[in-house]
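Survey of secondary and tertiary structure
Residues per chain, in single letters:
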Amino acid sequence: MDISALIDEVIAREGGYSHHPADRGGPTNFGITQAVARANGFMGDMRTLPRAVAEAIYRRLYWEKSGFAFVAELAPGIAEELFDTAVNMGPGMAGGFLQRSLNALNRNAGDYPDLRVDQAVGARTLAALGAFLKIRGRAGEKVLLKALEALQGERYLALAESRPANEAFLYGWLANRIG
């Protein structure tokens, strides 16, 4: 899986500098919020965030540190979905969606042990994913992808329902992030 291509796609979708008044993330550039940029050493004006810095943040935080690079070795399509979800909702939320989906699809812990939903994709989550894919194959991968997208879509609706200002983003989230 080419993470550089995924990062290019995310940056193309996210666009350049933005400071939407309804966006709690504040100023963003290339989809990187000011808080994330600051936490990763960039202290300048967000309008001047270098693309290379954004790419490095995506690679390190949303691909490698999140564990999605390891997921890609088992199921590239699932890793791609998790990466995109992580960019929009955070790596923990994406990891939690994977764990919840694997738990719900394991036939009452008959295929592999239930996972603690700690939002961290580690050895146990990867083992459960491997067991699921071994049992369910390519068809299972497609079903797992649907489960992940269903959780993501439900989260977007809940965000819009709980904070009316988020309705400004709901259409785009659903159009650009779901299936």
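Throughout this description, residue numbers start from 1 for each chain and increase along the sequence as written. Given that this is a predicted model, residues contribute local features only at a pLDDT of at least 70 and side-chain atom pairs are listed and counted only at 80 or more, while totals for whole chains, interfaces and linings are drawn from all residues. For the side-chain quantities, the full set of heavy atoms in the structure was used; hydrogens and water were omitted.

Regions with low pLDDT should not have their predicted coordinates read in detail. Chain-level pLDDT for the protein is 93 on average; 100% of the residues reach the 70-or-more range. Within a predicted model, pLDDT stands for the predictor's per-residue confidence, ranging from 0 to 100. The numbering of helices and of strands both runs from the N terminus, where a helix is a DSSP run of H or I of at least 4 residues and a strand a run of E of at least 2. The secondary structure element of the protein with the lowest average pLDDT is helix α8 (residues 167-177), at 80, and the one with the highest is helix α6 (residues 91-104), at 98.

To continue, consider the side chain of threonine 28. Summarising the element assignment, threonine 28 is placed in strand β1 (residues 28-29). Among the residues examined, threonine 28 registers a relative accessible area of 10% and is labelled buried. Relative accessible area decides the class of each residue, using a 1.4 Å probe on protein chains only: under 20% of the type maximum gives buried, over 50% gives exposed, and in between gives partly exposed.

For the rest of this paragraph, the subject is the layout of surface pockets. For cavity detection a 1 Å grid was placed over the protein atoms alone, and a set of points counts as a cavity when a 1.4 Å probe fits there but cannot get out; an open set counts as a pocket when protein lies on both sides within 12 Å along at least five of seven lines, with lining residues being those that have an atom within 4 Å of a point. Grid points are joined across faces, edges and corners, and a volume is the space filled by probe spheres set on the points. Approximately 930 Å³ is the volume attributed to the largest pocket. Around the largest pocket, the lining is made up of 30 residues, and of these Glu14, Asp23, Val87, Asn88 and Trp173 lie nearest the centre. Among the elements of the structure, α1 (3-14), β2 (32-33), α5 (76-89), α7 (123-162) and α8 are those that each provide at least two residues to the lining of the largest pocket. Among the elements that take part in the lining of the largest pocket, α8 stands out by supplying five residues, more than any other. Residues are grouped as follows: Ala, Val, Leu, Ile, Met, Phe, Trp, Tyr, Cys and Pro are nonpolar; Asp, Glu, Lys and Arg are charged; every other residue, Gly included, is polar. Across the lining of the largest pocket, the residue classes break down as 12 nonpolar, 11 polar and seven charged. Its volume calculated, the second largest pocket comes out at about 170 Å³. Surrounding the second largest pocket, 13 residues form its lining, Arg13, Glu80, Glu81, Asp84 and Asn176 being those nearest its centre. Those elements that provide at least two residues to the lining of the second largest pocket are α1, α5 and α8.

Glancing now at the side chain of asparagine 103. Looking at the secondary structure, you find asparagine 103 in helix α6. It only takes one pair of heavy atoms within 4.5 Å for two residues to be counted as in contact. Ignoring sequence-local partners within four residues, the contact set of asparagine 103 consists of Asp114, Leu115 and Val117.

What follows concerns the packing of α7 against α8. Under this scheme, a helix contributes an axis fitted over its contacting stretch, all axes are lines through C-alpha atoms, and angles between N-to-C directions fall in the 0 to 180 degree range. Contact pair α7 / α8: the axes reach a minimum separation of 9 Å and the direction vectors enclose 170°. Regarding the angle of α7 to α8, the classification is roughly antiparallel. Across the interface between the two elements, Gln152, Gly153, Tyr156, Leu157, Leu159 and Ala160 of α7 pack against Glu167, Leu170, Trp173, Leu174 and Arg177 of α8. Across the contact of α7 with α8, the residue classes tally to seven nonpolar, two polar and two charged. Between 65 and 115 degrees an angle is taken as roughly perpendicular, under 35 as roughly parallel, over 145 as roughly antiparallel, and anywhere else as oblique.

Here the focus is the environment of alanine 128. Of note, alanine 128 is situated in helix α7. Remark: the alpha-carbon pair of alanine 128 and proline 113, spanning 15 residues in sequence, is separated by 7.4 Å. Apart from residues no more than four positions distant in its own chain, alanine 128 is found in contact with Leu102, Tyr112 and Leu115.

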